[in-house]
Amino acid sequence: MGRPRAFDEDEAVRAAVRLFGGRAYDGVSVDDLVHHLGVHRNSLYKTFGSKRGLYLIALRRHLVDDVNPLCDALADASDATDALRLVASADLALLLLAAVERAPVDEEVASEVTAALAAVDRAIAGALGVPDDLAAALTAAALGILLRGNPDNAATALTRYVGLLS
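Rules of the game
- Residues numbered from 1 in each chain as written.
- Predicted model: local features only at pLDDT ≥ 70, side-chain atom pairs only at ≥ 80, totals over all residues.
- Heavy atoms only, no water.
- Axes fitted to C-alpha atoms, helices over the stretch in contact; angles between N-to-C directions.
- Helix = DSSP H or I, 4+ residues; strand = E, 2+ residues; numbered from the N terminus.
- Parallel < 35°, antiparallel > 145°, perpendicular 65-115°, else oblique.
- Left-handed = near helix turned anticlockwise from the far one by under 90°.
- Contact = heavy atoms within 4.5 Å.
- pLDDT = per-residue confidence, 0-100.
- Expected span 1.5 Å × (residues − 1).
- Buried < 20%, exposed > 50% of the residue type's maximum accessible area, 1.4 Å probe, protein only.
- Polar contact = N/O pair within 3.5 Å; in protein donor to acceptor, adjacent residues only side chain to side chain.
- Phe/Tyr/Trp six-rings, centres within 6.5 Å; stacked < 30°, edge-to-face > 60°.
- Lys NZ or Arg CZ within 6 Å of the ring centre and 35° of its normal.
- Salt bridge = Lys/Arg side-chain N within 4 Å of Asp/Glu carboxyl O.
- Core = buried A, V, L, I, M, F, W, Y, C linked by side-chain atoms within 4.5 Å.

1. A look at the packing of helix α6 (residues 93-102) against helix α7 (residues 107-128)
Thought 1: Two numbers describe how α6 lies on α7: the axes approach to 10 Å, and their chain directions differ by 135°. Classed by the angle they form, the pair α6 and α7 counts as oblique. For the pair α6 and α7, the crossing hand works out as left-handed. Packed against α6, whose contacting residues are L95, A98, A99 and R102, the element α7 presents V109, V113, A116 and L117 at the interface.

Written out as structure tokens, the structure reads:
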């Protein structure tokens, strides 16, 4: 009979979300995971299967804990500026890194990223009553604002200059 698990799996996954969201998949070694998660290498492999296995679990946790609540909040957005601010101020680091680093080379990650971005698009479209293609453009603009920083001023400027959004 094996020993009881000496770590909290849920907390380890949350720590992995933070680690992968800060450094990306390729920037995190198994040694980094062992050190930051406080688990033994064997426990990591036994519980999650591999670094990629933990990454996928962490990505899915990020979607549940960060992207789904964002979509819920977007349902209450009063206008495009509000929607852009919500997206641009959300903690979406792991989603963005997954989109640019892993999705091009990992079909499973690509599927998760595509579904998450589509959910944000649908939430924006529903909240603002805009067509799907405009909602997708707003999502792209908001994510760009997030990458560049200063979400309040950029969202206000964008909606001011695109008259049909305000």
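2. Concerning the confidence of the model for the protein
Thought 1: The pLDDT averaged across the protein works out to 88; a share of 86% of its residues lies at or above 70.
Thought 2: Element-level mean pLDDT values for the protein span from 66 in helix α9 (residues 151-161) up to 97 in helix α4 (residues 51-74).

3. Observations regarding helix α1 (residues 9-23)
Thought 1: Helix length check: α1 (15 residues) gives 21 Å between terminal C-alpha atoms against 21 Å at 1.5 Å per residue, within 8%.
Thought 2: Taken residue by residue, α1 has A12, V13, A15, A16, V17, L19, F20 and G21 as its buried positions.
Thought 3: The elements touched by buried residues of α1 are α2 (30-37), α3 (41-48), α4 and α6.
Thought 4: If you check the start of α1, you find a side-chain oxygen 2.9 Å away from the backbone N of D10, and it comes from D8.

4. Details of the packing of aromatic side chains
Thought 1: For the structure shown, the criterion picks out three aromatic pairs.
Thought 2: An angle of 15° between the planes, with centres 6.1 Å apart, marks the rings of F20 and Y25 as stacked. Each of the two residues, F20 as well as Y25, counts as buried.
Thought 3: Counting every residue linked through ring pairs, the aromatic cluster contains F20, Y25 and Y55.
Thought 4: When the ring centre of Y25 is taken as origin, the NZ or CZ atom of R102, which lies over that ring, is 4.2 Å away.

5. Observations concerning α6
Because an α-helix packs 3.6 residues into every turn, residues spaced three or four apart end up facing the same way.
Thought 1: Those residues of α6 lying buried are L94, L95, L96, A98, E101 and R102.
Thought 2: Buried residues belonging to α6 abut α1, α4, α7 and α8 (132-148).

6. Topic: unusual backbone geometry
Thought 1: The backbone of A24 sits at a positive phi, close to 75°, despite the residue not being glycine.
Thought 2: The residue A24 is located in the loop between α1 and α2 in this model.
Thought 3: A relative accessible area of 10% means that A24 is categorised as buried.

7. So, the pattern of salt bridges
Thought 1: This structure, assessed with the given rule, holds twelve salt bridges.
Thought 2: The closest approach of N and O atoms between R52 and D106, which form a salt bridge, is 2.7 Å. Here D106 lies in the loop between α6 and α7 and R52 lies in helix α4, a separation of 54 residues in the sequence.
Thought 3: A cluster of three or more residues bridged by salt bridges with shared partners is formed by R52, R60, D106, E108 and E112.

8. Quick look at the side chain of D106
Thought 1: What makes D106 buried here is its relative accessible area of 6%.
Thought 2: In terms of polar contacts, D106 uses its side chain to reach the backbone amide nitrogen of E108, at 3.0 Å.

9. Digging into the nonpolar core
Thought 1: Core analysis: the biggest nonpolar cluster contains 51 residues, and F20, L37, L54, V87 and L92 have the highest contact counts within it.
Thought 2: Going through the elements one at a time, α1, α2, α3, α4, α5 (80-89), α6, α7 and α8 are the ones with two or more residues in this core.
Thought 3: Take this core: its biggest share by element is ten residues, from α4.

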